[in-house]
Amino acid sequence: MTDGPAPARVVLECRDFDANLDLFTAEAGFRIDRISPADSPREVDLSGHGLALQLRRSAHDSGGSIQIPVTEPGEQARTTAPNGTHLEYVTAARDITVPPLEQALVISRIAE
């Protein structure tokens, strides 16, 4: 038993199930969590980059847009999956270094 609600999941329908599964796992780096049924898959649950996806075999495609953070920009900043989903690889924000603070007493007087 788990505490709280289940995590949110993005559901993408696709005609070419195998090509979409290959793109999301081999190129985009998602992991397969569940595939059903095993003989002739119609649904697959994927996770990666802090996102839960479900691909569903369908008579039509439903695409969306997913931004995947990367540390270094690659050759291909944008890819379109066979079902029309846009994968955009975006450079993650770098950490900002703040110099050490120096304490000082400052007195400001109201102008006359």
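Here goes a summary of the coordinates provided.

About the cut-offs
- Counting restarts for each chain, with residues numbered from 1 along the sequence as it is written.
- Reporting of local features is limited, given that this is a predicted model, to residues whose pLDDT is at least 70; pairs of side-chain atoms are given and counted only at 80 or more, and all residues count toward the totals for whole chains, interfaces and linings.
- To obtain the side-chain values, all non-hydrogen atoms of the structure were used and water was disregarded.
- Buried, partly exposed and exposed residues are distinguished by accessible area as a fraction of the type maximum, computed with a 1.4 Å probe on protein chains only: under 20%, between the cut-offs, and over 50%, respectively.
- Labels follow the DSSP assignment, with helices taken as runs of H or I lasting at least four residues and strands as runs of E lasting at least two, numbered in each case from the N terminus.
- Throughout, the arc means the angular range of directions from the helix axis out to the C-beta atoms.
- Paired strands are those between which DSSP finds at least two bridges.
- The axes used here are C-alpha line fits, helices contributing only the stretch in contact, and every angle between their N-to-C directions lies in the interval 0 to 180 degrees.

Right, let's get into helix α1 (residues 17-27). Residues of α1 that are buried include every one of Phe17, Asn20, Leu21, Leu23 and Phe24, and no others. Buried residues of α1, seen end-on, are gathered within an arc of 160 degrees and therefore sit on one face of the element. For α1, the exposed residues lying more than 90 degrees away from the buried face are Asp18 and Ala26. Just past α1, the residue Gly29 takes up positive phi, approximately 80 degrees.

So, about the pairing of strand β7 (residues 86-91). A regular strand carries its side chains on alternate faces of the sheet. Bridge analysis of strand β5 (residues 65-70) against β7 gives 6 bridges, and the strand direction is parallel. Bridge assignment links Ile66 to a residue of β7, and that residue is Leu87. Of the strand pairs in this sheet, strand β6 (residues 78-80) and β7 are connected by 3 bridges, and their pairing is antiparallel. In the strand pairing of β7, Thr79 is matched with Leu87. Hairpin connection between β6 and β7: a loop of 5 residues separates the two successive antiparallel strands, and Gly84 in this loop has a positive phi of roughly 95 degrees.

Pairing is mixed across the open sheet formed by 3 strands, whose spatial order is β5-β7-β6. Two strands bound the open sheet, and with one partner strand each, they are β5 and β6. Recorded for the sheet is a direction-independent mean angle of 20 degrees between the axes of neighbouring strands.

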